[in-house]
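# Survey of secondary and tertiary structure
Residue strings, one per chain:
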Amino acid sequence: MSDVSNGDERIKTTSKFRQALMRPELGGMVGTVAVFVFFGLFAFDSGMFNSQGVMNWSVVSAQFMIIAVGACLLMIAGEFDLSVGSMIGFAGMMIAIFGVTLGWPMWIAILITFVICVAFGALNGYIVVTTGLPSFIVTLATLFILRGFTIFIPQTLERKTIIGGIREAAEGDWLAPIFGGEIGEPIFVWLGDRGIINVFERGNRAGEPVVNGIPMLIVWALGLVIIGHFLLTRTRFGNWVFAAGGDADAARNAGVPVNAVKIKMFMFTAFCATVFAVCQVMEFGSAGADRGILKEFEAIIAVVIGGALLTGGYGSVIGAALGALIFGVVQQGLFFANVESSLFRVFLGVILLAAVILNTYIRRTITGER
Amino acid sequence: MSNIIIQMKNIEKYFGSVIALAGVSVDIQAGECHCLLGDNGAGKSTFIKTMSGVHKPTKGMIVFEGQAMNFANPRDAITAGIATVHQHLGMIPLMSVSRNFFMGNEPIKKFGPIKMFDHDYANDVAMAEMLKMGINLRSPDQAVGTLSGGERQTVAIARAVHFGAKVLILDEPTSALGVRQTANVLATIDKVRKQGIAVVFITHNVRHAMAVGDRFTVLNRGKTLGTALKGEITPEELQDMMAGGQEMAALEGSLGGTV
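### Thoughts on the overall build of chain A
- For chain A, the helix and strand inventory stands at 16 helices and four strands.
- By the compact-globule yardstick of 21 Å for 370 residues, chain A fits well, its C-alpha radius of gyration being 22 Å.
- Relative to its 370 residues, chain A shows a buried fraction of 49%.
- For chain A, the share of sequence-separated contacts (at least 6 apart) that also reach a separation of at least 24 residues comes to 78%.

Right, here's the structure in full:
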């Protein structure tokens with residue numbers, strides 16, 4: 001009687017196709033290939049695939065990736081953070097206030113900003129786990145609170161909502177280049193000398209490559225993706241993240257410190273938002289009170305395109321990274337292809353809906369719900 | 001068979017003005033399957049929750065391996081070796097069997113300063129433990145959600161046994177299962193008992209209890225009606241004790257058979 005499960009004739013052997021479908025990254029992989037094929041066919045001559053073009057959509061994708069990694073791990077742990085966009089604006093503004101208005105050394109401004117923002121993340125998490133309220137509502141409150149401060153503080157101190165002069169203030173600082181610098185210049189010079197990538201033909205930079213390094217933003221994005229993926233799939237903590245989002249009560253019964261896991265994930269999401277903000281203010285040289293608006297939704301969309309379930313307990317960081325790549329390539333690709341940019345939103349809505357429907361189908365298949 | 005592992009002495013438990021348990025005494029022996037029977041509301045759940053550290057008894061004593069115990073929380077009881085497999089299982093359907101099996105007790109492989117989840121070890125152990133219970137998994141990566149109800153119960157039981165349970169409390173493991181799956185779970189209970197583990201099997205199904213039970217304790221309205229050995233009692237008597245006698249007999253008469 002114990003060999004029943006050995007061969008139940010009513011269970012069809014699952015095909016390789018269906019097994020592949022069970023991988024959360026699948027949608028992201030198919031989407032990535034589709035997007036590159038599409039733009040390869042329709043926008044190849046537009047400059048999208050020369051060195052500047054590649055750098056252009058790579059930077060945009062990397063921005064999405066940074067916040068998507070945080071949102072992904074948090075969503076798998078069963079929670080949302082709608083305050084990511086406000087956190088980006090707030091963090092950028094804090095750096096400007098500390099580094100420019102107060103004139104502190106940039107590295108101190110950056111570190112203090114990280115501490116404050118991660119503390120806000122912890123507060124989000126603490127309120128969610130202690131009150132048991134949906135994180136949706138709690139972080140919606142944080143969204144407004146942080147955005148309000150982001151406007152109020154510079155207005156009170158400087159009578160304006162955009163503070164510039166950050167690049168000058170960061171001159172010679174040791175920490176700022178880790179967010180705003182570039183690496184790999186010699187490689188690009190070498191490539192330029194051999195005519196593999198474009199070089200300036202005139203002017204005082206003639207002969208130098210048009211793209212002269214990989215922005216640290218991209219390094220951060222790839223680094224966070226690798227760390228996030230490793231953490232989720234290869235560590236004990238990763239198992240706790242899945243468990244906390246899959247069924248918090250069952251996880252608690254098994255001795256998983258669910259509350260601590262969730263709070264840490266809120267902190268990590270805030271950390272990612274702050275990385276985004278620091279890279280952004282270093283690139284722009286200024287902080288604005290309206291930075292980061294709607295970023296929380298873009299992060300969530302990238303994560304969902306990447307195969308994570310909105311209900312938690314299932315997803316993949318690699319998938320979220322691919323979702324961010326699709327996001328960036330399409331947004332910039334439509335620009336290169338001279339398509340009206342408002343259509344990007346239409347595309348976004350359609351692909352989001354398609355991804356959610358596919359994910360729900362996958363969930364039903366796994367859990368056997370009907 | 002007198003190697004008593006846990007003794008519950010005159011356990012009383014009040015919730016406000018409600019008397020859930022009014023002095024229940026039961027002793028559980030290693031290697032036996034002790035069936036705890038009772039109708040809904042008889043106090044079975046309260047009793048096992050007291051045993052597993054969820055509730056503190058209002059009065060009475062728990063003696064575990066010869067020592068008076070005072071469990072502050074379920075974690076204490078689990079550490080001591082009292083594991084509960086709940087009706088709702090504590091399994092996460094979207095996670096793989098091996099990830100579920102080691103949830104909260106993940107094996108660690110050190111790679112320099114980095115501690116990694118040892119997936120190879122986890123997969124091997126989960127497969128081996130399931131095979132011992134007579135279930136041949138397609139793959140340890142299989143999501144628990146794809147298993148049948150009986151197989152899920154077996155994963156939960158195998159997990160508790162692997163992590164050193166001395167007393168295994170099964171809270172209505174068969175109540176939601178079909179005939180064949182029930183048979184599988186009962187067979188698993190038999191295997192666990194033969195390893196010298198005390199099994200406390202909560203059910204309100206007399207036939208399931210008679211199939212594997214060594215001793216039977218009936219709870220009714222927060223009281224025990226005594227413990228009976230296998231062979232000393234008939235299914236009909238058990239049924240009567242659970243239902244509290246008279247009206248049940250009358251009902252069965254009108255329905256034409258044992259309910």
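### Examining the interface of chain A and chain B
- The interface of chain A with chain B comprises 26 residues on the first partner and 26 residues on the second.
- Only α11 (236-246), α12 (248-253) and α16 (343-367) of chain A provide two or more residues apiece to the side of chain A that touches chain B.
- Class assignment for the residues of the side of chain A that touches chain B results in 10 nonpolar, 12 polar and four charged.

### Brief notes about the packing of helix α10 (residues 216-234) of chain A against helix α13 (residues 258-284) of chain A
Residue and element names in this part refer to chain A.
- One can describe the packing of α10 onto α13 by two numbers: an axis separation of 10 Å at closest approach and a directional angle of 165°. With respect to α13, the element α10 is oriented roughly antiparallel. Of the two elements, α10 crosses α13, and the hand of that crossing is left-handed. Facing M216, L217, W220 and L224 of α10, the residues of α13 in contact are C272, V275 and C279.
- For the contact of α10 with α13, a count of residues per class yields seven nonpolar, no polar and no charged.

### What about the sheet that holds strand β3 (residues 33-38) of chain B?
Residues and elements named next belong to chain B.
- The sheet built from six strands is open, its strands ordered β6-β9-β10-β3-β11-β12 with mixed pairing. The outermost strands of the open sheet, each flanked by one partner alone, are β6 (82-85) and β12 (223-229). Adjacent strand axes in the sheet meet at a mean angle of 20°, parallel and antiparallel pairs treated alike.
- Pairing between β6 and strand β9 (residues 167-171): four bridges, direction parallel. Residue T84 lies in a different strand from β9, and its bridge partner there is I169.
- Along the sheet, helix α6 (residues 179-194) makes contact with β3, β9 and β10 (198-203), crossing β10 at roughly 155°.

### What about the pairing of β10 of chain B?
Residue and element names in this part refer to chain B.
- Across the six residues of β10, six count as buried, placing the element largely inside the fold.
- By the alternation rule, side chains of β10 split into A198, V200 and I202 and V199, F201 and T203, which are all buried.
- Where β3 and β10 come together, five bridges link them in parallel fashion. Looking at the pairing, C33 lines up with V199 of β10.
- After leaving β9, the chain enters α6 and then returns to the sheet as β10, a path that is right-handed.

### Describing the environment of S148 of chain B
- Within the secondary structure, S148 of chain B sits in the loop between α4 (119-132) and α5 (149-162).
- Distance from S148 of chain B to Q181 of chain B, taken between C-alpha atoms, is 8.1 Å for residues 33 residues apart in sequence.

### Side note on the pairing of strand β8 (residues 114-117) of chain B
All names here are of chain B.
- Note that strand β7 (residues 108-111) and β8 share four bridges and pair antiparallel. If you follow F111 over to β8, its bridge partner there is I114.
- Linking two consecutive strands that pair antiparallel, namely β7 and β8, is a turn of two residues; a positive phi of about 65° is found at G112 within it.

### Examining the environment of L36 of chain B
Residues and elements named next belong to chain B.
- Secondary-structure assignment places L36 in strand β3.
- Overall, L36 belongs to the buried group, with 30 C-beta atoms counted inside 10 Å.
- Note: C-alpha distance between L36 and V218 (182 residues apart in sequence) is 5.9 Å.
- What L36 contacts, discounting residues up to four positions off in sequence, is K44, F47, V200, F201, I202, T217 and L219.

### Notes on helix α4 (residues 84-101) of chain A
Residue and element names in this part refer to chain A.
- The end-to-end C-alpha separation of α4 is 24 Å, in line with the 26 Å expected for 18 residues at 1.5 Å each.
- Most of α4 is tucked away: 17 of the 18 residues are buried.
- Where α4 ends, the next residue or the one after it, G103, has phi of about 70°, a positive value.

### Comments concerning unusual backbone geometry
Residues and elements named next belong to chain B.
- Even without a glycine there, the phi angle at N10 is positive, about 45°.
- Here N10 shows up in strand β1 (residues 4-15).
- The phi dihedral of E172 falls on the positive side, at around 45°, and the residue is not glycine.
- If you trace the backbone, E172 turns up in the loop between β9 and α6.
- On the neighbour-count criterion, E172 (18 C-beta atoms within 10 Å) is partly exposed.

### Some thoughts on the sheet that holds β1 of chain B
Residue and element names in this part refer to chain B.
- Read across the open sheet, the four strands follow the order β2-β1-β4-β5; overall the sheet is antiparallel. Each edge of the open sheet carries a strand with a single partner, namely β2 (18-29) and β5 (67-69). The mean inter-strand angle of the sheet, taken between neighbouring strand axes irrespective of direction, is 25°.
- The pairing of strand β4 (residues 59-64) with β5 spans three bridges and is antiparallel. When the sheet's bridge partners are listed, I62 is paired in β5 with M69.
- Sitting on the sheet, helix α1 (residues 44-51) is in contact with β1 and β2, with an inclination near 120° to β1.

Definitions and cut-offs
Residues numbered from 1 in each chain as written. Chains lettered and ligands numbered in written order. Predicted model: local features only at pLDDT ≥ 70, side-chain atom pairs only at ≥ 80, totals over all residues. Helix = DSSP H or I, 4+ residues; strand = E, 2+ residues; numbered from the N terminus. Rg over C-alpha atoms; globule rule 2.2 N^0.38 Å. Buried ≥ 20, exposed ≤ 12 C-beta atoms within 10 Å, placed from the backbone. Contact = placed C-beta atoms within 7 Å. Nonpolar A, V, L, I, M, F, W, Y, C, P; charged D, E, K, R; others polar. Axes fitted to C-alpha atoms, helices over the stretch in contact; angles between N-to-C directions. Parallel < 35°, antiparallel > 145°, perpendicular 65-115°, else oblique. Left-handed = near helix turned anticlockwise from the far one by under 90°. Pairing = 2+ DSSP bridges. Right-handed = clockwise from strand over helix to strand, strands pointing away. Expected span 1.5 Å × (residues − 1).

Read these as layout, nothing more, since geometry by itself doesn't imply function.
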